[in-house]
Amino acid sequence: KKSTLEFIRDSESGIFVLPFSSFDGIPVSKTYYREEVVKQLSDVKQSIIFSKYNTAALRHKESELKKKLLKLDGELDDVNMVYFDELGLNMLYIDEFHSYKNIDIDSSSYALGINKKGSPKCNRALDKMRIIQRDNGGRGVVGSTGTPITNSVTDIYYNMKALQNGELALHGLSSFDSFVNEFFQKSIEFEIDVDTTGYRLATRYSRFKNLGNLISMFS
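Residues numbered from 1 in each chain as written. Predicted model: local features only at pLDDT ≥ 70, side-chain atom pairs only at ≥ 80, totals over all residues. Heavy atoms only, no water.

Check the secondary structure of the protein chain and you find 8 helices and 6 strands. When the elements of the protein chain are put in sequence order from the N terminus, they spell out β-β-α-α-α-β-α-β-α-α-α-β-β-α. Of all 219 residues assigned to the protein chain, the portion counted as buried reaches 32%. A separation of at least 24 residues holds for 58% of the contacts in the protein chain among residues at least 6 apart in sequence. A total accessible area of about 14100 Å² is found for the protein chain, and carbon and sulfur atoms account for 54% of it. (Helix = DSSP H or I, 4+ residues; strand = E, 2+ residues; numbered from the N terminus. Buried < 20%, exposed > 50% of the residue type's maximum accessible area, 1.4 Å probe, protein only. Contact = heavy atoms within 4.5 Å. Areas by Shrake-Rupley, 256 points an atom, 1.4 Å probe, with all protein chains shown as cover.)

This part takes up the layout of surface pockets. Approximately 2300 Å³ is the volume found for the largest pocket. What lines the largest pocket is a set of 44 residues, and nearest its centre among them are Gln40, Lys61, Leu65, Lys68 and Asp106. Looking at the lining of the largest pocket, the elements that each hand over two or more residues are α2 (30-50), α3 (56-73), α4 (120-135), α5 (153-163) and α7 (176-183). Among the residues making up the lining of the largest pocket, the classes are represented as 15 nonpolar, 11 polar and 18 charged. (1 Å grid on protein atoms, 1.4 Å probe; cavity = no way out; pocket = protein on both sides within 12 Å on 5 of 7 lines; lining within 4 Å. Points joined across faces, edges and corners; volume = space filled by probe spheres on them. Nonpolar A, V, L, I, M, F, W, Y, C, P; charged D, E, K, R; others polar.)

A word on empty space enclosed by the protein. Overall, the coordinates contain 1 cavity of 30 Å³ or more when judged by the stated rule. Its boundaries defined by the atoms lining it, the largest cavity holds a volume of some 30 Å³. Phe84, Asp85, Gly88, Leu89, Ile131, Ile132 and Asp135 together form the lining of the largest cavity. Split into classes, the residues belonging to the lining of the largest cavity amount to 4 nonpolar, 1 polar and 2 charged.

The end-to-end C-alpha distance of α4, which contains 16 residues, comes to 23 Å, matching closely the 22 Å that a straight helix rising 1.5 Å per residue would cover. Taken together, the buried positions of α4 are occupied by Cys122, Asn123, Ala125, Leu126, Asp127, Lys128, Met129, Arg130, Ile131, Ile132 and Gln133. Once α4 ends, the next one or two residues include Gly137, with phi positive near 60°. (Expected span 1.5 Å × (residues − 1).)

To continue, consider unusual backbone geometry. At Glu96, a position not held by glycine, the phi torsion is positive, near 50°. Following the sequence through the fold, Glu96 ends up in the loop between β3 (92-95) and α4. In this structure Glu96 comes out as partly exposed when scored by relative accessible area, which is 35%. A positive phi angle, near 50°, is found at Asn210, a position not held by glycine. With respect to the helices and strands, Asn210 occurs in the loop between β6 (199-208) and α8 (211-218).

What follows covers a nonpolar patch on the surface. Where nonpolar side chains cluster on the molecular surface, the patch consists of Phe16, Leu18, Val82, Leu87 and Leu89 and spans about 380 Å² of accessible area. In this structure, Phe16 sits in strand β2 (residues 15-17). Relative accessible area serves as the criterion here: at 39%, Phe16 is assigned to the partly exposed category. (Patch = residues over 30% accessible without salt bridge, like charges linked within 9 Å, V, L, I, M, F, W, Y side chains within 5 Å. Salt bridge = Lys/Arg side-chain N within 4 Å of Asp/Glu carboxyl O.)

Let's shift gears to the confidence of the model for the protein chain. In the predicted model, the protein chain carries a mean pLDDT of 88, and 95% of its residues have values of at least 70. Within the protein chain, β3 carries the highest mean pLDDT (96), whereas strand β1 (residues 8-10) carries the lowest (70). (pLDDT = per-residue confidence, 0-100.)

A separate point is the pattern of salt bridges. Tallied over the full model, the rule gives 11 salt bridges. Asp155 is paired through a salt bridge with Lys101; the nearest N and O atoms lie 3.5 Å apart. Of this pair, Asp155 sits in helix α5 while Lys101 sits in the loop between β3 and α4, placing them 54 residues apart in sequence. A salt bridge links Glu189 to Arg207, with the nearest nitrogen and oxygen atoms 3.9 Å apart. Taken together, the residues span a long stretch of sequence, with Glu189 in strand β5 (residues 184-192) and Arg207 in strand β6 at a distance of 18 residues. Given a relative accessible area of 45%, Glu189 falls into the partly exposed group. Taken together, the salt bridges that share partners define one network made up of Glu191, Arg200 and Arg204.

Turning to the packing of aromatic side chains, a few remarks are in order. Given two aromatic rings, one states the distance between the centres and the angle between the planes to describe the pair. This model, assessed by the stated rule, comprises 10 aromatic pairs. Both rings, one in Phe23 and one in Phe84, keep their centres 6.2 Å apart while their planes meet at 85°; by these two values the pair is edge-to-face. Within this pair, whereas Phe23 is found in helix α1 (residues 20-25), its partner Phe84 is found in the loop between α3 and β3, the two being separated by 61 residues in sequence. Each member of the pair, Phe23 as well as Phe84, carries the same accessibility label: buried. With centroids separated by 5.3 Å and ring planes inclined at 70°, the aromatic side chains of Phe179 and Phe183 adopt a geometry described as edge-to-face. On the criterion of helical spacing, the pair formed by Phe179 and Phe183 is a turn pair, its members being 4 residues apart in helix α7. (Phe/Tyr/Trp six-rings, centres within 6.5 Å; stacked < 30°, edge-to-face > 60°.)

Here it is as structure tokens:
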């Protein structure tokens, strides 16, 4: 909808410069999401077939994906809307890349400082990165930031998940749990409670392991 988007276009280079508000306002089509859920559902079914372990978590995920697909099947794309996956872009340069780090974290483990529920804005931005990468051989996304890592292991995971998802998959580290199990250690320690009146036992990811491999991959 032209009235809701602000952008500058260089007609010679084909470059569009958008503020965050406009970038966030461009929707992704239901067709794209439907295709992604079908792929995820197929992967989960394969995992259930070949899993050697308890598949309760996988079957729960399968059930949730089926519900999601059923909901998407009942939704249609607006023919008057221009969707991000229809724009034919071949590169996405995102300034202040850390602004989109609050993505969903699919994890079965518990540790303080891990926010599993991300924001819709950040999840949509990751979807848009995936669309560019899908259409350009895994490449085409550049993230620019002065603060790639602040104080959480999820910051490291986000950067690599967004820009190196294919490499993580090759090493079997696509899921958050497999990633942190490879590179981090948990500790359980007493710390002052939030109300400062007593102590509590706190579980956190507090130590690195296989740091050389992590640095090599991250850099």
